[in-house]
Amino acid sequence: MATTQQLPVSRVVNVTVSLAAASAALRNFGSCLILGAADVIDTEERLRSYASIDDVAADFGTSALEYQAAALFFSQSPAPTTVYLGRWAKSATSGRLKGRMLSVAEQAMPNFTGVTEGSVSFTIDGVVKTASAINLKNESNLNGVASQIAASLGGSATCTWDGTRFIVTSASTGPKSSVICSDTGDLSSLLGFAGSTSSVKGVEAEPLTDALTDLLGYSSWYACTVAATATDDEVLQAAALIEAATPTRTIGFTTQNTAEMDSSQTTLGDRLKAAGYTRTTLLYSSSSPVAEASLEGRKATVDFEGSGTTITLMFKQLPGVSPEYLKTTQADALANRNINVLAAYQTDTSILQYGRTCGGWYIDEVHGLDWLQTRVQTDLWNLLYTTTTKIGQTDAGATTLVNCVNASLEQGVRNGLIAQNGQWNGTGFGALSKGDTLPSGYYVYIQPMAEQSQSERDARKAPPIQIAVKLAGAIHTVDVSITVNR
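A short tour of the structure in this document, coming up. (Residues numbered from 1 in each chain as written. Predicted model: local features only at pLDDT ≥ 70, side-chain atom pairs only at ≥ 80, totals over all residues. Heavy atoms only, no water.)

As for the overall build of the protein
To keep it simple, the criterion reads: Each helix is a run of DSSP H or I of at least 4 residues and each strand a run of E of at least 2, with the numbering of both proceeding from the N terminus. Within these notes, the globule rule equals 2.2 Å times the number of residues to the 0.38 power, and the radius of gyration is based on C-alpha atoms. Under the scheme applied here, a residue whose accessible area is under 20% of the maximum for its type counts as buried, over 50% as exposed, and between as partly exposed, the area being computed with a 1.4 Å probe on protein chains only. Contacts are assigned to residue pairs that have any heavy atoms within 4.5 Å of one another. Note on areas: these come from Shrake-Rupley sampling with a 1.4 Å probe, and a residue is covered only by the protein chains present in the view.
Counting its secondary structure elements, the protein contains 13 helices and 19 strands. Relative to the compact-globule value of 23 Å for 486 residues, the protein shows a C-alpha radius of gyration of 30 Å, a clear excess of over 25%. Each principal axis of the C-alpha atoms in the protein carries an extent, and together these give about 100 × 90 × 50 Å. Here the protein holds 486 residues, and the buried ones make up 44% of them. The long-range fraction of contacts in the protein, counting pairs at least 24 apart against all pairs at least 6 apart in sequence, stands at 70%. If you sum the accessible surface of the protein, you get close to 24500 Å²; carbon and sulfur atoms cover 50% of it.

Put into structure tokens, the structure is as follows:
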């Protein structure tokens, strides 16, 4: 049947579809990095994410400090969903060669048991080493295969199976320690060393701040807890780095130094307090060297996008951490140094006190204000980014910006960070004066367009926006006076 020529409908009705730009996502203020020194993650990989304690155990075993910290982190109720584990090369590391990940089919033992006279060569620390006369006929698992390769290398390197790939690690440490493989033979192919491999050189021992500086390049984490012993100077240097980091981060350490409970001594707590570090948390625990991870786990469960979801860390539990039975003088010494502790009370209950950073700020306020800063910043970015026309340098444009900021702040009211009907006790600006009540809990002021300088207008800048916010705070202590009349 012949087809006749027809005109397109678009000549009369023309419809186009434009897909709006996707908004930028908010940061995850429940994301925590556990930084440790176990030789599991190398300095090239540096960071891994884990969704369960079982996954951590599979990689680190159950005796590593990283596992102990992750167990405390995941023990919260409600439980966090993800934790990141990072590597600090506290001591010199060994060079290693990571074979490619083997598929399930490639891991089948019949692939290997047919090898009776296999060999594979590596260059270890610049010297060629050959694992020869490899007979895998009687091996029942891939750990046995790895053991045979290691034994044949004669102590120059080890070979392990990590559940997905074979790894050969040099026995030496430092920058000259290395393992590479150019062997493309049958056994090398079976082991995953022929083709796509990753060779990581060893490194000298690095300062804690070097590891943190490298990890600051990863935007996935907000809070860090250190699961390795660090000197007082290392803690202070790390605290200084985190204090200046952009975007904002926090870091926590566990101390087991009993001198912190002695007011007559000068301690790490004194030095951190004197420095005024508001992004560093110190927790005393005699039972666990990684107890601070439990505090981070509780902090990680806060959903700032919910309603009535903000918390104070005071009064909270630390599942898995034993309480401290303190004398009043010991509790006072810790309080004066802004050191947190899980303390036992006469009511047969134990609570976390005092919920403060080393600089004396409350942890929940630092956490909440970091979220608020990011929420306002991200919402304004998305307004500018997703608006398909433009926001003019007009009073209407200024109102659009203010409305966007108001919406961000309103979420702070909903989640409990910002208090309605609070009194403003700061310096006034715009129409706000000291002593005024903030009915909504906040006040947003933008400089009138008519007052903007020509140079700022030429640069297409918005007038400055000033925000007053009244925090909701939290009640930590109560005084009650009872008068009795007979």
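Some words on the sheet that holds strand 4 (residues 96–98)
By definition, the strands of a sheet pair up through backbone hydrogen bonds, in either a parallel or an antiparallel sense. For the record, the criterion: Between any two strands, pairing holds if DSSP finds at least two bridges. Angular values range over 0 to 180 degrees, each being the angle between N-to-C directions of two axes fitted as lines to C-alpha atoms, with helices fitted over their stretch in contact.
Within the open sheet, the four strands sit side by side as 7-8-4-10. Their pairing is antiparallel. The sheet is open, and its two borders are formed by strand 7 (157–161) and strand 10 (198–200), each paired with just one other strand. Here the strands of the sheet are splayed against their neighbours by 15° on average, with no regard to which way each runs. As paired elements, strand 4 and strand 8 (residues 166–170) share three bridges and run antiparallel to each other. Bridge pairing in strand 8 places leucine 97 opposite valine 168.

Overview of unusual backbone geometry
With an omega dihedral of 0°, the bond running from serine 77 to proline 78 counts as a cis peptide bond. Within the secondary structure, proline 78 is located in the loop between helix 2 (65–74) and strand 3 (83–87). The peptide bond linking glutamine 353 to tyrosine 354 adopts the cis configuration, its omega dihedral lying at 25°. One non-glycine residue with positive phi stands out, namely phenylalanine 315, at about 80°. Along the chain, phenylalanine 315 falls in the loop between helix 9 (292–300) and helix 10 (328–336). Relative accessible area serves as the criterion here: at 38%, phenylalanine 315 is assigned to the partly exposed category.

What about the packing of aromatic side chains?
So the rule is basically this: In summary, the pairing rule links any two rings of Phe, Tyr or Trp, Trp by its six-membered ring, whose centres are within 6.5 Å, and it sorts them by plane angle into stacked for under 30 degrees, edge-to-face for over 60 and tilted for everything else. Both a distance and an angle decide whether a charge sits over a ring: NZ of Lys or CZ of Arg must be within 6 Å of the ring centre and within 35 degrees of the ring normal.
Overall, the coordinates contain nine aromatic pairs when judged by the stated rule. An angle of 75° between the planes, with centres 5.7 Å apart, marks the rings of phenylalanine 73 and phenylalanine 74 as edge-to-face. The pair formed by phenylalanine 73 and phenylalanine 74 is uniform in burial state, with each residue classed as buried. An aromatic cluster is present here, built from Phe112, Trp161 and Phe166 joined pairwise through their rings. One Lys or Arg, arginine 249, reaches over the ring of tryptophan 221 and ends 4.3 Å from the middle of that ring.

Some points on a nonpolar patch on the surface
Condition: Nonpolar side chains (Val, Leu, Ile, Met, Phe, Trp, Tyr) are joined into patches within 5 Å and like charges within 9 Å, using only residues with over 30% relative accessible area and no salt bridge. Here, a salt bridge means any side-chain nitrogen of Lys or Arg that lies within 4 Å of a carboxyl oxygen of Asp or Glu.
Taken together, the side chains of Val9, Val12, Val13, Val15 and Val17 make up a nonpolar region of the molecular surface, amounting to roughly 570 Å² of accessible area. Within the secondary structure layout, valine 17 lies in the segment before strand 1 (32–36). With a relative accessible area of 79%, valine 17 lands in the exposed category.

Some thoughts on the sheet that holds strand 2 (residues 47–50)
Read from one edge to the other, the open sheet built from eight strands follows the order 2-3-1-11-12-13-14-15, with strand pairing classed as mixed. Edge positions in the sheet fall to strand 2 and strand 15 (350–353), since each of these pairs with one other strand and no more. With strand direction ignored, the average angle separating the axes of adjacent strands in the sheet is 25°. Strand direction decides the pairing type here: strand 14 (residues 340–344) and strand 15, joined by four bridges, are antiparallel. Pairing of alanine 344 across the sheet is with serine 350, part of strand 15. Running at roughly 160° to strand 1, helix 2 makes contact with strand 1, strand 2, strand 3 and strand 11 (223–227) of the sheet.

Comments concerning the packing of helix 7 (residues 232–243) against helix 8 (residues 268–275)
To keep things clear, this is the line we draw: Oblique is the label for any angle not covered by the other classes, which are roughly parallel (under 35 degrees), roughly antiparallel (over 145) and roughly perpendicular (65 to 115). By definition, turning the near helix anticlockwise from the far helix through less than a right angle yields a left-handed crossing, and turning it clockwise yields a right-handed one.
The interhelical angle for the contact between helix 7 and helix 8, taken along N-to-C directions, is 20°, at an axis separation of 10 Å. The pairing of helix 7 with helix 8 is recorded here as roughly parallel in orientation. Between helix 7 and helix 8 lies a crossing whose hand is right-handed. Here Asp232, Asp233, Val235, Leu236 and Ala239 of helix 7 come into contact with helix 8, specifically with Leu268, Arg271 and Leu272.

Description of empty space enclosed by the protein
Going by this rule: Here a cavity denotes grid points, spaced 1 Å and computed from the protein atoms alone, that fit a 1.4 Å probe unable to get out, and a pocket denotes an open set having protein on both sides within 12 Å along at least 5 of 7 lines; residues with an atom within 4 Å of a point are the lining. Grid points are joined across faces, edges and corners, and a volume is the space filled by probe spheres set on the points. Ten residues, namely Ala, Val, Leu, Ile, Met, Phe, Trp, Tyr, Cys and Pro, are considered nonpolar, four, namely Asp, Glu, Lys and Arg, are considered charged, and the remaining ones, Gly among them, are considered polar.
Scanning the entire structure with this criterion turns up three cavities of 30 Å³ or more. Estimated volume of the largest cavity: approximately 50 Å³. Residues belonging to the lining of the largest cavity are distributed by class as follows: one nonpolar, three polar and five charged.

Observations concerning the pairing of strand 13 (residues 280–284)
Along strand 13, five of the five residues are buried, which leaves the element largely enclosed by surrounding structure. Neither face of strand 13 is left uncovered, since the one carrying Thr280, Leu282 and Tyr284 and the one carrying Thr281 and Leu283 both have all their residues buried. Looking at chain direction, strand 12 (residues 250–255) and strand 13 are connected through five bridges and run parallel. In the sheet register, threonine 254 faces strand 13, and the bridge partner there is leucine 283.

Description of the pairing of strand 15
Neither face of strand 15 is open: one carries Ser350 and Leu352, the other Ile351 and Gln353, and all of them are buried. With antiparallel pairing between neighbouring strands as the criterion, strand 14 and strand 15 make up a hairpin whose turn holds five residues, including aspartate 348 at a positive phi of roughly 65°.

Structural notes on the packing of helix 1 (residues 53–60) against helix 2
Put simply, helix 1 and helix 2 touch, their axes get as near as 10 Å, and they point 180° apart. Between helix 1 and helix 2, the angle is such that the two are roughly antiparallel. Contacts between helix 1 and helix 2 involve Ile53, Val56, Ala57 and Phe60 from the former and Glu66, Tyr67, Ala70, Ala71 and Phe74 from the latter. Here the contact of helix 1 with helix 2 is composed, by residue class, of eight nonpolar, no polar and one charged.

Remarks on the pattern of salt bridges
Taken as a whole and judged by the stated rule, the model has 17 salt bridges. Of the charged contacts in the structure, one is a salt bridge between glutamate 45 and lysine 98, with a shortest N-O distance of 3.9 Å. Of the two residues, glutamate 45 is situated in the loop between strand 1 and strand 2 and lysine 98 in strand 4; the sequence distance between them amounts to 53 residues. Given a relative accessible area of 26%, glutamate 45 falls into the partly exposed group.

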